[in-house]
Amino acid sequence: MSKTEIKCLSVDELKQALVEMGEKPFRAKPIFKWLHTPVSSFDEMTDQSKALRERLAERFELTVPHVERKQQSKIDGTIKYLWRMREGDCVESVLMRYEHGNTICVSTQVGCRMGCKFCASGLLGLKRNLSAGEILDQVLFAEKDSGLKISNIVLMGTGEPLDNYENVLKFLHLVSCPEGIQIGQRHISLSTSGLADKIEALAGEKLQITLSISLHAPDNESRGQIMPVNRSYPIERLMQACRHYFDVTGRRISYEYAMSRGISDRPWQAEKLAALLRGRPCHVNLIPLNPVKESPIQPSTREAVRRFQQILEKNGVTATVRRRLGPDIDAACGQLRRRTLEEGDRQ
Ligand code: SAH
Ligand code: SF4
């Protein structure tokens, strides 16, 4: 039988587990605090007795990711990590340095099954979900390795967060709870390719996080071409879920729009996007598509991006053209893992 991953437990769950072991419940809080630091073994919990540390090690698994690869941008200091997790699985995180604080982009799955045509993460499908503890580990160990304090988290690495709903929700509670590292939910963004029923479920959790929708095209025909998820949840259904999310949480939604040449960057599509979003409190991020070697989809020209933005603004929709961080490293989602797999290192 596999051991329980101790980092996935809340303070109350840990308390209960300790009581079941015949230990005192008050030990839960200090142990929980240790678990939210980058410890590599129970023996580092020096304020706990050796006997208890041994009992914990027998009963629980303590996950420890290892830095498999690391790249740092000479241009803006962005650091990209490739972690080796349990079972030799590799996942990526990207640590970005902004004036308003350091932001980490974490992965939520090993691979992804959504199959978006422009994305390196989805090329090999889904291997497995990450646990709540393994998502948290990326934050803890990136802080340890870089010596930087992380103040913001985006769930925009490899994986579809809402396809790993329970573990992601658990992670959101763990990382923001008062006994842990306390990154406030207002400093966390979750990006989804548009699983409408899960967006509605998430609304019911009443979290303070920012929801980001990877829209990338405003009409079913173009979106269906590049995002197979659009066949299960077409745009009308997705927008209905977004409206529900805003009505319940009052949180403004961000829309990601990666501009693909000749697929999603035509002027009529800017008009259509503006019509779709009219009257909704929202923000659009226009991203020049990062070309992926295995995909024929090309980024839009700078001119097309500018024209698209102008049409949106003219129609009252605010849109920012996001600059690419770490342009000299493999910063696009999934590219570093993909390259490492290609070289036959892992898996
Ligand atoms: N699965 C989630 C979150 C991870 S992907 C989602 O799809 O939203 C994070 C973001 O990167 C998404 O907006 C995704 O569409 C975008 N993305 C993936 N590949 C890209 C590429 N080659 N160029 C630009 N953006 C890309
Ligand atoms: Fe998965 Fe997001 Fe990549 Fe689509 S863009 S394949 S949902 S990680």
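**Here's the deal with the sheet that holds strand β9 (residues 150-155)**
(1) Moving on: The strand order across the open sheet formed by 10 strands is β3-β4-β5-β6-β9-β10-β11-β12-β13-β14, and the pairing between neighbours is mixed. Lying at the two open borders of the sheet, with one neighbouring strand each, are β3 (66-72) and β14 (319-321). Each strand axis lies, on average, 25 degrees off the axis of its neighbour in the sheet, ignoring direction.
(2) Moving on: Looking at chain direction, strand β13 (residues 282-288) and β14 are connected through three bridges and run parallel. Bridge pairing in β14 links L286 to V321.

**A few points about the site of ligand 1**
(1) Moving on: Inspection of the region around ligand 1 gives 17 residues, with G159, S191, S214, H216 and N290 positioned closest.
(2) Moving on: Here T192 contributes a backbone N or O atom positioned 3.4 Å from an oxygen atom of ligand 1.
(3) Moving on: Residue S214 places a side-chain N or O atom 2.5 Å away from an oxygen atom belonging to ligand 1.
(4) Moving on: Against a free-state accessible area of 520 Å², the protein chains account for coverage of 92% of ligand 1.

**What to know about helix α11 (residues 302-314)**
(1) Moving on: Taking 1.5 Å of rise per residue, 13 residues should cover 18 Å, and α11 covers 18 Å from first to last C-alpha, within 8% of that figure.
(2) Moving on: Buried within α11 are the following residues: A304, V305, F308, I311 and L312. The buried side chains of α11 occupy one side of the element, clustering within an arc of 130 degrees when seen end-on. Structural note: α11 exposes R302, Q310 and K314 on the side pointing more than 90 degrees away from its buried face.
(3) Moving on: Considering only its buried residues, α11 is in contact with β12 (253-259), α10 (267-277), β13 and β14.

**Details of helix α9 (residues 235-249)**
(1) Moving on: Across its 15 residues, α9 extends 21 Å between first and last C-alpha, which sits within 8% of the 21 Å expected from 1.5 Å per residue.
(2) Moving on: Three or more residues of α9 are buried, namely I235, L238, M239, A241, C242, Y245 and T249. Buried residues of α9, seen end-on, are gathered within an arc of 155 degrees and therefore sit on one face of the element. Relative to its buried face, α9 has exposed residues pointing more than 90 degrees away, namely E236 and D247.
(3) Moving on: Considering only its buried residues, α9 is in contact with α6 (196-204), β11 (210-214), α7 (220-226), α8 (229-232), β12 and α10.
(4) Moving on: Looking one or two residues beyond α9, the residue adopting positive phi is G250, at roughly 70 degrees.

The rules behind these values
- Residues numbered from 1 in each chain as written.
- Chains lettered and ligands numbered in written order.
- Predicted model: local features only at pLDDT ≥ 70, side-chain atom pairs only at ≥ 80, totals over all residues.
- Heavy atoms only, no water.
- Pairing = 2+ DSSP bridges.
- Helix = DSSP H or I, 4+ residues; strand = E, 2+ residues; numbered from the N terminus.
- Axes fitted to C-alpha atoms, helices over the stretch in contact; angles between N-to-C directions.
- Near = heavy atom within 4 Å.
- Polar contact = N/O pair within 3.5 Å; in protein donor to acceptor, adjacent residues only side chain to side chain.
- Areas by Shrake-Rupley, 256 points an atom, 1.4 Å probe, with all protein chains shown as cover.
- Expected span 1.5 Å × (residues − 1).
- Buried < 20%, exposed > 50% of the residue type's maximum accessible area, 1.4 Å probe, protein only.
- Arc of directions from axis to C-beta.
- Contact = heavy atoms within 4.5 Å.

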